[in-house]
There are 2 protein chains.
Amino acid sequence: MEKKLVKTLREAIVLSGLRDGMSVSFHHHLRNGDFTLSAVMEEIADLGIKDLTLNASSLFDTHQSLEAHIENRVIKKINTNYMSQGLGHRISEGIMEEAVEFRTHGGRPRDISLGITPIDVAFIAAPASDAAGNCSGKYGPSACGSLGYAIPDAMYAKKVIVITDHLMPYPLTDCSIPEIYVDYVVQVPAIGDPRGIVSGTTRITRDPVGLLMAETAVEVIRHSGLLKDGFSFQTGAGGATLAAAKFLQDHMLRENIRGSFASGGITGYLVDMLESGCFEKLMDVQCFDLKAVESIRKNPAHHEISAMQYASPAAKSAVVDHLDVVLLGATEVDTDFNVNVHTDSSGRIMGGSGGHSDTAAGARLSMIIAPLFRARLPIVCDRVQCISTPGKDVDVLITQRGVAVNPKNEELILRLRDARIPVVDIHELKYMAEKLTGVPQRKQRTGRTVANVIYRDGTMIDQIKSVK
Amino acid sequence: MEKKLVKTLREAIVLSGLRDGMSVSFHHHLRNGDFTLSAVMEEIADLGIKDLTLNASSLFDTHQSLEAHIENRVIKKINTNYMSQGLGHRISEGIMEEAVEFRTHGGRPRDISLGITPIDVAFIAAPASDAAGNCSGKYGPSACGSLGYAIPDAMYAKKVIVITDHLMPYPLTDCSIPEIYVDYVVQVPAIGDPRGIVSGTTRITRDPVGLLMAETAVEVIRHSGLLKDGFSFQTGAGGATLAAAKFLQDHMLRENIRGSFASGGITGYLVDMLESGCFEKLMDVQCFDLKAVESIRKNPAHHEISAMQYASPAAKSAVVDHLDVVLLGATEVDTDFNVNVHTDSSGRIMGGSGGHSDTAAGARLSMIIAPLFRARLPIVCDRVQCISTPGKDVDVLITQRGVAVNPKNEELILRLRDARIPVVDIHELKYMAEKLTGVPQRKQRTGRTVANVIYRDGTMIDQIKSVK
């Protein structure tokens, strides 16, 4: 077992046989606190290895050093599910020759498991590991909770390198990834900065517009016919969706409704809902805050799932397929209910699907919460700059000025009208916003393609063009 | 999710697309209480499907109905790791045209994962499952504990059918096999007879010869240099090896030695050792008794492992690679330390490797406990009837008349001599036995090959010939 322990990152990279043109992978559970991706790329660059494909479940501003590795041709191509604006804007400016491939949190493990995006060397940043590579996100100074997105990488990569700052005695049994998949283990002083890994707590909005939308969202859920014993739910970590979770909790407790599970990226608010009996289980692919990390470590009802089990369309079934309701955000929604979460209104990359289109496809009721306008720009438009989630998978748009329901949901429209919820046509929302902000000038994008957006089933759903 | 639930076994088999010439697999955690293998084969025969390969982790006397399916050509070939004597004797008589392939508990998942023995349809007898196929051995009226041997089947089979008598609400999170691998779920009245699934308790021997050998075994472990904090251990469920576990526990408690883990098939004796602090963890691929089932359900330190993690040579490392000491049995041992656990002394099949050669290969010290003779037949011979575990992987043979050490272990011989343990040449043990029993007449086996014994690395290590 000691044979897997190597002294330095560099030694592990050399032993892995990494060569020009290969593919390396990283997961994003350490979020904006991650040290490992930059440290590994630094060593790789120093070894003179070029033309790599970087397959990362998400990229954050802390990974800005990638820009230099792109310029030096260490990285030739990027596959990712999300890219924050620091790197995103640069990609939009056209710094890469090859287009970025955006996937979803379910599409990424699908394509890894099917061999469409093979990984030569997976780097697993592990908050705890034993010397054989049994590793976990639950323990150690850099604890991040679930390692769900890293599991398919470990299972399918040719070589797997675990990087840890907390070596535990063999066997580490409460592990995310078992030793059977791990080739090398490297101990480093720190895999991340705990302040960046998880926020202290995620916070609900105090903005009255956000609170109004959250209340409306809960009204829609209440009257959808889905909110009863066995109810299942997912929500993002945005301020308004968190507020909706809180209001939903109040309602479920008042009405004594016992749901089955909540899933996805888990926050302290969902932990509260578990502990107060709103749900039997949490299905956790990623922890967003310290309370979630503490909970997944201690509470057996708070369960880690792999990205495959979360959302892969190649799985025989996945958790998203069992969802009743998901609450999601948007940067733009068009009158066909297509949603953009990849670019800002000027078309520059500042996000990505993550699990947006996976949960929208799986849930019986997918709800978008978004204000009518942001920074004097309407949310609803004729055609989104980028289709992240197709309108066929979106059921409802909640704004502060009314609720638009996808016309395919005839029964839901009747239910909401009966409940006196202000249902409006989505074109009307667009009109209301434009009356207040004016009609924004939208440029036709004519630049070259800087990113392809791959839907969860492997088909290309849209392309993102360069922005000067 | 309800889409996976089908009403009958027959419907599931039809939906799976099973056709002539395909391969079906079964696991053996329900042991001699299993109802599912016979019930499934009955339906398959009734559907007129022929020429199947049966890949079963082990076969017991309760599966005697297989004989009829072999005669009717429903089953053309058998791959298994163990076969009890009911079917074994019939195979030895030559009822099958194709030779049985015996593998080990580690070699079977190796060959499944490498595609050498592909599985078309895996049948998973699950003591508990939800409607999506998240299933567990820990709950329900037929609880058997670990489902470790079934995990590779579920992961690699083209179609997976879960058969359960205890449907639980979605999501069953403490599961052995997640929904991502499962195609169909069938509820039946009972998957097995609890009296046959696990014995009430496994029992240590009362035979003075067995107790003497057990004491000697513990003396050898004590003086091997391996028995110190961090010690790891595996033992079978035979009477003498269980007695050795008990004596080892007494010694470890007296000397305040804290081991790291015990592994393998788990008995109540190992649970006692866990609970009394002799070990930090149990790594459990199969539960042998009710106390083990109770423990794996309740104690997080009692950990389920897959057959891959237990012993697969295709895994990047496995639990057996970390073992210090394993105690094993034998039907014959030859003067080159080769061990037979497949046939009786007349050459008829009545067993199989199971994890014998996996643990012998992995452990730093592999010890065989066997009496000098059984039923007036010496245990030690010039050449075993069948090589189950090669002599290179066997370190010590413990008998009631002395301890034979494989000559390659020079340091161990010195250590044991220093401790005044009666070390004897293995030829001397043979001579002692023959002096008491006479030299047995051994027939040259000239029949046709009825079974090939495949070593854990995929090479053929021996062949078993027919016996009239």
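Look a little higher up for the structure.
Since the model is a prediction, treat every value here as computed from it, not as a measurement.

K.L.:
Break down the overall build of chain A for me, with residues and values.
P.N.:
Of the regular secondary structure elements, chain A holds 15 helices and 25 strands. Relative to its length of 468 residues, chain A is compact, with a C-alpha radius of gyration of 22 Å against a globular reference of 23 Å. Across its three principal directions, the C-alpha atoms of chain A cover 70 × 55 × 40 Å. The buried share of chain A, taken over its 468 residues, is 64%. For chain A, the accessible area works out to roughly 16900 Å², and carbon and sulfur atoms hold 49% of it. Here chain A carries 50 positive and 55 negative side-chain charges, and the mean point of each set is 2 Å from the other.

K.L.:
Quick one: what's the story with the pairing of strand S22 (residues 396-399) of chain A, residue by residue and with numbers?
P.N.:
All names here are of chain A. A two-sided burial pattern is seen for S22, the buried positions comprising Val396 and Ile398 on one face and Leu397 and Thr399 on the other. Of the strand pairs in this sheet, strand S18 (residues 365-369) and S22 are connected by 3 bridges, and their pairing is parallel. Along S22, the bridge assignment pairs Ile368 with Leu397. Where S22 meets strand S23 (residues 402-405), 4 bridges bridge the pair, whose relative direction is antiparallel. Each residue of the ladder has a partner; that of Leu397, found in S23, is Ala404.

K.L.:
Tell me about the packing of helix H1 (residues 9-16) of chain A against helix H2 (residues 36-46) of chain A, residues and numbers included.
P.N.:
Residue and element names in this part refer to chain A. Running from amino to carboxyl end, H1 crosses H2 at an angle of 65°, the nearest separation of the two axes being 10 Å. The element H1 and its partner H2 pack so that their crossing is right-handed. Of the residues in H2, those in contact with Leu9, Arg10 and Ile13 of H1 are Ala39, Val40, Glu43, Ile44 and Asp46. A breakdown of the residues in the contact of H1 with H2 according to their chemical character gives 5 nonpolar, no polar and 3 charged.

K.L.:
Residue-level account of the side chain of Glu101(A), with values.
P.N.:
Residue and element names in this part refer to chain A. Note that Glu101 resides in strand S5 (residues 100-102). In terms of polar contacts, Glu101 uses its side chain to reach the side chain of Lys77, at 2.8 Å. Once residues within four sequence positions are removed from consideration, Glu101 is found in contact with Lys77, Ile78, Asn79, Thr80, Asn452 and Ile454.

K.L.:
Quick one: what's the story with the interface of chain B and chain A, residue by residue and with numbers?
P.N.:
Every contact between the two is made by 33 residues of chain B and, on the other side, 33 residues of chain A. Per-residue buried area on chain B facing chain A is highest for Thr173(B), Ile180(B) and Lys316(B); these three make up 30% of the total on that side. Taken together, the links from chain B to chain A amount to 2 salt bridges. For Asp183(B), the salt bridge is made with Lys316(A), and the minimal N-O distance between the two is 2.8 Å. At the boundary of chain B with chain A, the tally comes to 23 residue pairs in polar contact (both at pLDDT 80 or more). Mapped by element, the contributors of at least two residues to the side of chain B that touches chain A are strand S9 (159-164), strand S12 (259-266), strand S13 (279-287) and helix H12 (307-311) of chain B. Of the residues that constitute the side of chain B that touches chain A, the class distribution is 19 nonpolar, 7 polar and 7 charged.

K.L.:
Would you mind going over the sheet that holds strand S21 (residues 380-381) of chain A in detail, with residue names and values included?
P.N.:
Residues and elements named next belong to chain A. Spatial strand order, S17-S16-S21: 3 strands in an open sheet with mixed pairing. A single partner strand is all that each edge strand has here, and the edge strands are strand S17 (339-340) and S21. In this sheet, S17 lies alongside strand S16 (residues 332-334) in antiparallel orientation, the contact comprising 2 bridges. Following the sheet pairing, Val333 is matched in S17 by Val339.

K.L.:
Before we move on, can you summarise the pattern of salt bridges with the specific residues and values?
P.N.:
Residues and elements named next belong to chain A. On inspection of all chains with the given rule, the structure shows 66 salt bridges over all chains. As a salt-bridge pair, Asp272 and Lys291 come within 2.6 Å of each other at their nearest N and O atoms. In this pair, Asp272 is assigned in helix H10 (residues 268-275) and Lys291 in helix H11 (residues 290-298), connecting sequence segments 19 residues apart. Because the salt bridges share partners, they merge into one network encompassing Lys77, Glu101, Arg103, Arg110 and Asp111.

K.L.:
Which residues make up the relation of the copies chain B and chain A, and what are the values?
P.N.:
You can overlay chain B on chain A at an RMSD of 0.0 Å; the transform is a turn of 180° with a shift of 0.0 Å along its axis. The superposition operator between the copies reduces to a two-fold rotation axis. Identified as the residue of chain B closest to the rotation axis by C-alpha distance is Pro300(B), at 4.8 Å.

K.L.:
Quick one: what's the story with the sheet that holds strand S11 (residues 232-235) of chain A, residue by residue and with numbers?
P.N.:
Residues and elements named next belong to chain A. Spatially, S14-S13-S12-S11-S15-S18-S22-S23 is the arrangement adopted by the 8 strands of the open sheet, whose pairing is mixed. At either end of the open sheet lies a strand with only one pairing partner, and these are strand S14 (302-304) and S23. Direction aside, neighbouring strands of the sheet carry axes that sit 20° apart on average. Summarising the sheet, strand S12 (residues 259-266) and strand S13 (residues 279-287) pair through 7 bridges and their orientation is parallel. Its bridge partner lying in S13, Phe261 is registered against Lys281. Sitting on the sheet, H11 touches S12, S13 and S14, and the angle it makes with S14 is about 90°.

Cut-offs applied
- Residues numbered from 1 in each chain as written.
- Chains lettered and ligands numbered in written order.
- Predicted model: local features only at pLDDT ≥ 70, side-chain atom pairs only at ≥ 80, totals over all residues.
- Heavy atoms only, no water.
- Helix = DSSP H or I, 4+ residues; strand = E, 2+ residues; numbered from the N terminus.
- Rg over C-alpha atoms; globule rule 2.2 N^0.38 Å.
- Buried < 20%, exposed > 50% of the residue type's maximum accessible area, 1.4 Å probe, protein only.
- Areas by Shrake-Rupley, 256 points an atom, 1.4 Å probe, with all protein chains shown as cover.
- Lys, Arg positive; Asp, Glu negative; His and termini not counted.
- Charge placed at Lys NZ, Arg CZ, Asp CG, Glu CD.
- Pairing = 2+ DSSP bridges.
- Axes fitted to C-alpha atoms, helices over the stretch in contact; angles between N-to-C directions.
- Left-handed = near helix turned anticlockwise from the far one by under 90°.
- Contact = heavy atoms within 4.5 Å.
- Nonpolar A, V, L, I, M, F, W, Y, C, P; charged D, E, K, R; others polar.
- Polar contact = N/O pair within 3.5 Å; in protein donor to acceptor, adjacent residues only side chain to side chain.
- Buried area = accessible area lost by both parts, 1.4 Å probe.
- Salt bridge = Lys/Arg side-chain N within 4 Å of Asp/Glu carboxyl O.
- Least-squares fit on C-alpha atoms with pLDDT ≥ 70 in both.

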